[in-house]
Amino acid sequence: MSRILPISQHPSTKTRRVLHTFDIFDTLIARRCIDAKEVFHEVERRSGIEGFALARQEAERLVYHREYDFTDIYLGLTDLLSLNDEQAEALMHIEVEVELENVVPIVAMRDKLSQESLLITDMYLPLPVIRELLARAGITRDHPILISSHGKSGGLTWRYFADQGIQCLHHGDNERSDVLNARQEGMRARLVRNSNLTEFEAMLSHRGAVNAARVLRAARLQVNAPDMAEWQQRLQFNVNLPFLLISTLDLMSEVREQRIEKVLFASRDGRHLQSAFIALRDQLPDLVGVDAQYWYTSRVARTSDSISYEAYCRQMLSGSERVALVDLCGTGASLTKLLNNLSIDSASVLLYLAQKVSDKGYSDHMATRYGLGTSDDLSPVRYTFDTGSYINNSLLEQLNYVPEGMVRDVMVTPFGTLPLRDDVDFDGPALDLVNRQNQWLTGFFDQMRSEMSQEAMAELIQVAPFVREWMILHSHQLSRELEVLRVSLGIDDLSNENFTQRDLVR
Amino acid sequence: MSVGPWALQDGQDFSELLERWLDGPTLEARLRVIFAMVGRKISSDDASVIWQKLLKHCNQSIDTDLSEQLIRQLIMLSPEYQIAANLYTSMMMARPRPPQVPRIVFMITSCFRYLDKARAVKADLEARGAHACIVVGEPSIRVSKEVDGIVRLPVPDSYEALTLKVLEGLTWARQTYGSISVAKVDDDMRFNGNFNPERLADAASSLQYAGQPWGGMCDRAWHLGKTSTPMPIYGRRLRGIFAYGPMYLMGPKAVDHLVRNWVMYPGEVEGSFYEDRAIGELLAEGGMPLKAYPIAMMGGVVDQTERFVPASTTKEIP
């Protein structure tokens, strides 16, 4: 005879309960020093106990086969290093201290937490320490935390949830523990890779610029650009960011050498170059007083022969003996035209382009367009990259688009300067893409400014030649992503360029 | 040591097999050692996994030339994989750079037999302010090397290997100087007052692939009498115009494209013993068609004398 069940337990009316769960370490929070072994080395350094780092790893290895916690590890360590209780406790405190100093939030994941999220970890640290780490990462809600050394890796945790009729929607960084084992038991699991080094960060680390890699990673983890597609992230992390950093370092070197007092960054394309410059400037004592200003400009404005625009430029160029005009890409033709119109000797101004167009035919064409002769007659321009060896200008511009319209002229009012701009060049999905990357870049350079150190800066300067070479070689591996960018933004970009060309001086 | 998912066969001596693998002498011979390790023939993808493990195992104890050769062969074994792209990047950045890197290198393709001519061309170029190098073939070496001012390449030193010589020479230039323009120059070229290396560097960077347009017709017997081994007539389809061989320019992107394809897919030029045509075809495929720039405008003067090998040293094809 079949059993009659109450309706709440009847299989046909049983509902699935879904829990949003998250791993903690390298999912919600990460270590600045990246690897736990670096924590142990730091403890060794602070405690002065030689051999601590190796012994600490061995002590954990000895207990790994069973459920274990922090105390279990240190019991083993006490034997390995012949420590007394006081020494062991002191070391435990130092290790916790180093962990707390190293914590950095993974903001993109932290922002996904809801009131009801459950945290599941295999970490050996005591619960109060884990809560403190989370609090330092801005996770202050009292989320329930489940701890088990091998619950996820052995599948027990997931099996338990499945047996209780609970399906987890889980986020974690370990492919086996957090994803494969979870899915095996019917959980929905997502692999989180944010804390992994990007290709650029990995290259820096491999080349010995370990502090620089850590700084960039820490800055990246603390910025959230919701809905930024993976292809866009890959291009920003591995193409645009190295491009902006290396160009900025080169520019800084010129600024120092030529004792430049004021740097004017061209509006729109130069926006993020300015951000990078300001983020790095504080690390070089020679450059701390250098003024980095946003300059309302465009090829159209520079070549328009507008009296008000020229007056604005004279105002921007005055007040400092040596000035630099900086733009992202170009030939230098419109900059030369402007200096000619202002009757300024080009020797007194540094013209800098992050990437110069090496197509002589095109440069000649633009020089002729502006009545300057040929490209041989243009003012000398300093540059870091050129289109002959690196990716084309349009793609670099697209990676740096900001949601601002092109400046046509500037009105100097009694209350200040008012740029006269076109509408923003993009709309719809293209505008969304531009907004996302702009938001990410702005946030990143803000974070980088607080994370950067003199040590990291020195490393970046030292590896810059390698980075430049790596960029040229590595861009080939991103050809698919660059093509997506070209298709996403390039079509309207080309239309805008064709439209703008009609407004340039004939 | 396990060799990936396979275990060594019973009775096998790993050290002896490793020694045989390192000794080569060819990629194919090394592959056969790997097959012997696992007891059967496996795919090149699977073999590349074992190759990586073996390389990691012994990389610290072998010399850099052997290491580079093994890395290069690994790239050829699995060119479509991410590891190949990463290894290629490392390989291109591994060699130390000279203190001064020129914008353009004039690469004089020659052979041991005509080294004196090549040296004269090099001296002339250097007197005109150009940075020049001579490349010759020396098949016994593992990797390209500059010795006493001559760049020796691990390819045959014969006429029929000229395509390999140019591609291997570009690879050496890329490894030595980084991203750079290269002008390929024959060892019987002369130069006149039009020659200006800076202007040629600008042109190479701007145009990427420039030279005297050639190739409307194909003399499929051009090479007869010039090769050291008997060769059939040129049997490949004509694919378009290319730069006439005595002198042409390649910008950084062109050099990069050619080197990348050569290192990853050397078979693409099999049978392409007309070097100028081969280069033109590879670049056209890479979206870099020829831009016209006559040799005379570059400041070059071509010697039209054909060089034949002595009849006694060749045999007719039956």
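Please refer to the structure placed before this passage.
Read on for a plain summary of the structure.

With respect to the overall build of chain A
Here is step 1 of the chain: The secondary structure content of chain A amounts to 20 helices and 14 strands.
Here is step 2 of the chain: Sorting the 506 residues of chain A into buried and exposed places 53% on the buried side.
Here is step 3 of the chain: For chain A, the proportion of contacts with a sequence separation of at least 24, taken over those separated by at least 6, is 77%.
Here is step 4 of the chain: Looking at chain A as shown, the accessible area adds up to about 23000 Å², and 49% of this sits on carbon and sulfur atoms.
Here is step 5 of the chain: Distance between charge centres in chain A, computed from 53 positive and 71 negative side chains, equals 4 Å.

Considering the overall build of chain B
Here is step 1 of the chain: On a plain count of helices and strands, chain B comes out with eleven helices and ten strands.
Here is step 2 of the chain: At 21 Å, chain B has a C-alpha radius of gyration in line with the 20 Å of a compact globule built from 318 residues.
Here is step 3 of the chain: If one aligns the C-alpha atoms of chain B with their principal axes, the spans along those axes are about 70 × 55 × 35 Å.
Here is step 4 of the chain: The buried share of chain B, reckoned over its 318 residues, is 53%.

Considering the sheet that holds strand β1 (residues 104-109) of chain B
Residue and element names in this part refer to chain B.
Here is step 1 of the chain: In spatial order, the strands read β3-β4-β2-β1-β5-β8-β7-β9; together these eight strands make up an open sheet with mixed pairing. The open sheet has two edge strands with one neighbour each: β3 (145-147) and β9 (291-292).
Here is step 2 of the chain: Against the sheet, helix α6 (residues 115-127) makes contact with β1, β2 (131-137), β4 (150-153) and β5 (181-186), and its axis sits at roughly 165° relative to β2, the strand it touches most.

Concerning the pairing of strand β14 (residues 416-421) of chain A
Residue and element names in this part refer to chain A.
Here is step 1 of the chain: As paired strands, strand β13 (residues 407-413) and β14 are joined by six bridges and run antiparallel to one another. In the sheet register, Asp409 faces β14, and the bridge partner there is Leu420.
Here is step 2 of the chain: Here β13 folds back onto β14, and the loop between the two strands holds two residues.

Quick word on the packing of helix α9 (residues 199-206) of chain A against helix α10 (residues 210-221) of chain A
All names here are of chain A.
Here is step 1 of the chain: Closest axis-to-axis distance for the α9/α10 pair is 7 Å, and the angle between their directions is 160°. Put simply, α9 runs roughly antiparallel to α10. Helix-helix and strand crossings are classified by hand; for α9 and α10 the assignment is left-handed. Only Val210, Ala212, Ala213, Leu216, Arg217 and Arg220 of α10 make contact with α9, whose side of the interface consists of Phe200, Glu201, Leu204 and Ser205.

Some words on a nonpolar patch on the surface
All names here are of chain A.
Here is step 1 of the chain: Taken together, the side chains of Met411, Leu418 and Leu420 make up a nonpolar region of the molecular surface, amounting to roughly 240 Å² of accessible area.
Here is step 2 of the chain: On the secondary structure map, Met411 appears in strand β13.
Here is step 3 of the chain: On the basis of relative accessibility, which here comes to 40%, the residue Met411 falls in the partly exposed class.

Some points on the pattern of salt bridges
Here is step 1 of the chain: Counted under the stated rule, the structure contains 50 salt bridges over all chains.
Here is step 2 of the chain: As a salt-bridge pair, B:Asp116 and B:Arg119 come within 3.9 Å of each other at their nearest N and O atoms. Residue B:Asp116 and its partner B:Arg119 are located together in helix α6, separated by three residues, close to a single helical turn.
Here is step 3 of the chain: According to the relative accessible area criterion, B:Asp116 is exposed, its value standing at 60%.
Here is step 4 of the chain: Classification of B:Arg119 by relative accessible area gives partly exposed; the value is 41%.
Here is step 5 of the chain: Through salt bridges that share partners, A:Glu42, A:Arg45, A:Arg46, A:Glu97 and A:Glu101 make up one connected network.

A short note on the environment of A:Gln167
Residues and elements named next belong to chain A.
Here is step 1 of the chain: With respect to the element layout, Gln167 can be found in strand β6 (residues 166-172).
Here is step 2 of the chain: Sequence-wise, Gln167 and Asp85 are 82 residues apart; in three dimensions their C-alpha atoms are separated by 44 Å.
Here is step 3 of the chain: Here Gln167 is in contact with Arg16, Arg17, Val18, Leu19, Gly186, Met187 and Arg188, once residues within four sequence places are set aside.
Here is step 4 of the chain: Side chain to side chain, Gln167 and Arg188 meet in a polar contact 3.4 Å long.

A short note on the side chain of B:Gln69
Here is step 1 of the chain: Tracing the chain through its elements places B:Gln69 in helix α4 (residues 64-77).
Here is step 2 of the chain: Look past the residues within four positions of B:Gln69 in its chain and what remains in contact with it is B:Arg30, B:Arg142 and B:Val143.

Some words on the interface of chain A and chain B
Here is step 1 of the chain: If you look at the interface, chain A gives 19 residues, while chain B gives 19 residues.
Here is step 2 of the chain: Interface area for chain A against chain B, summed over the two sides, is near 1400 Å², with a carbon-plus-sulfur share of 49%.
Here is step 3 of the chain: The three residues of chain A that bury the most area against chain B are A:Glu469, A:Leu473 and A:Gln477, which together make up 40% of that side's buried surface.
Here is step 4 of the chain: At the surface where chain A touches chain B, the tally comes to one salt bridge.
Here is step 5 of the chain: Between B:Arg97 and A:Glu469 there is a salt bridge whose closest N-O contact spans 2.4 Å.
Here is step 6 of the chain: Counting every contact that joins chain A to chain B gives ten residue pairs in polar contact (both at pLDDT 80 or more).
Here is step 7 of the chain: Those elements giving two or more residues to the side of chain A that touches chain B turn out to be α16 (360-369) and α19 (454-474) of chain A.
Here is step 8 of the chain: Split into classes, the residues belonging to the side of chain A that touches chain B amount to six nonpolar, eight polar and five charged.

Quick word on the sheet that holds strand β1 (residues 17-22) of chain A
Sheets are built from strands that pair by backbone hydrogen bonding, the pairs being arranged parallel or antiparallel.
Residue and element names in this part refer to chain A.
Here is step 1 of the chain: Within the open sheet, the five strands sit side by side as β5-β4-β1-β6-β7. Their pairing is parallel. The sheet is open, and its two edges are formed by β5 (145-147) and β7 (188-191), each paired on a single side. Ignoring strand direction, the axes of neighbouring strands in this sheet form an average angle of 25°.
Here is step 2 of the chain: The sheet strands contacting helix α7 (residues 156-163) are β1, β4 (118-121), β5 and β6, and the helix crosses β6 at an angle near 150°.

Points about the packing of aromatic side chains
Note on aromatic pairs: each is described by the distance of the centres and the angle between the planes.
Here is step 1 of the chain: For the coordinates displayed, the defined rule picks out 26 aromatic pairs over all chains.
Here is step 2 of the chain: Note on B:Trp172 and B:Tyr177: the rings are 5.7 Å apart at their centroids and 90° apart in plane angle, and the pair reads as edge-to-face. The residues B:Trp172 and B:Tyr177 share a single accessibility class, namely buried.
Here is step 3 of the chain: The structure contains a cluster of three or more aromatic residues connected by ring pairs, namely A:Phe237, A:Trp440, A:Phe444 and A:Phe445.
Here is step 4 of the chain: Taking NZ or CZ as reference, A:Arg220 lies 5.4 Å from the ring centre of A:Phe237, over its face.
Here is step 5 of the chain: Cation over ring: A:Arg271 sits above A:Tyr294, and NZ or CZ is 3.8 Å from the ring centre.

Some points on a positive patch on the surface
Here is step 1 of the chain: A cluster of basic side chains, namely A:Arg16, A:Arg183, A:Arg188 and A:Arg190, defines a positive patch on the protein surface.
Here is step 2 of the chain: By the element assignment, A:Arg183 lies in helix α8 (residues 175-184).

Let's talk about the environment of A:Asp269
Residue and element names in this part refer to chain A.
Here is step 1 of the chain: In this structure, Asp269 sits in the loop between β8 (262-266) and α12 (271-281).
Here is step 2 of the chain: Under the relative-accessibility criterion, Asp269 is labelled buried at 16%.
Here is step 3 of the chain: For the pair Asp269 and Asp327, spaced 58 residues apart in sequence, the C-alpha separation works out to 6.6 Å.
Here is step 4 of the chain: Among all residues touching Asp269, those that are not within four sequence positions of it are Asp327, Leu328, Glu397 and Asn400.

The rules we used
- Residues numbered from 1 in each chain as written.
- Chains lettered and ligands numbered in written order.
- Predicted model: local features only at pLDDT ≥ 70, side-chain atom pairs only at ≥ 80, totals over all residues.
- Heavy atoms only, no water.
- Helix = DSSP H or I, 4+ residues; strand = E, 2+ residues; numbered from the N terminus.
- Buried < 20%, exposed > 50% of the residue type's maximum accessible area, 1.4 Å probe, protein only.
- Contact = heavy atoms within 4.5 Å.
- Areas by Shrake-Rupley, 256 points an atom, 1.4 Å probe, with all protein chains shown as cover.
- Lys, Arg positive; Asp, Glu negative; His and termini not counted.
- Charge placed at Lys NZ, Arg CZ, Asp CG, Glu CD.
- Rg over C-alpha atoms; globule rule 2.2 N^0.38 Å.
- Pairing = 2+ DSSP bridges.
- Axes fitted to C-alpha atoms, helices over the stretch in contact; angles between N-to-C directions.
- Parallel < 35°, antiparallel > 145°, perpendicular 65-115°, else oblique.
- Left-handed = near helix turned anticlockwise from the far one by under 90°.
- Patch = residues over 30% accessible without salt bridge, like charges linked within 9 Å, V, L, I, M, F, W, Y side chains within 5 Å.
- Salt bridge = Lys/Arg side-chain N within 4 Å of Asp/Glu carboxyl O.
- Polar contact = N/O pair within 3.5 Å; in protein donor to acceptor, adjacent residues only side chain to side chain.
- Buried area = accessible area lost by both parts, 1.4 Å probe.
- Nonpolar A, V, L, I, M, F, W, Y, C, P; charged D, E, K, R; others polar.
- Phe/Tyr/Trp six-rings, centres within 6.5 Å; stacked < 30°, edge-to-face > 60°.
- Lys NZ or Arg CZ within 6 Å of the ring centre and 35° of its normal.

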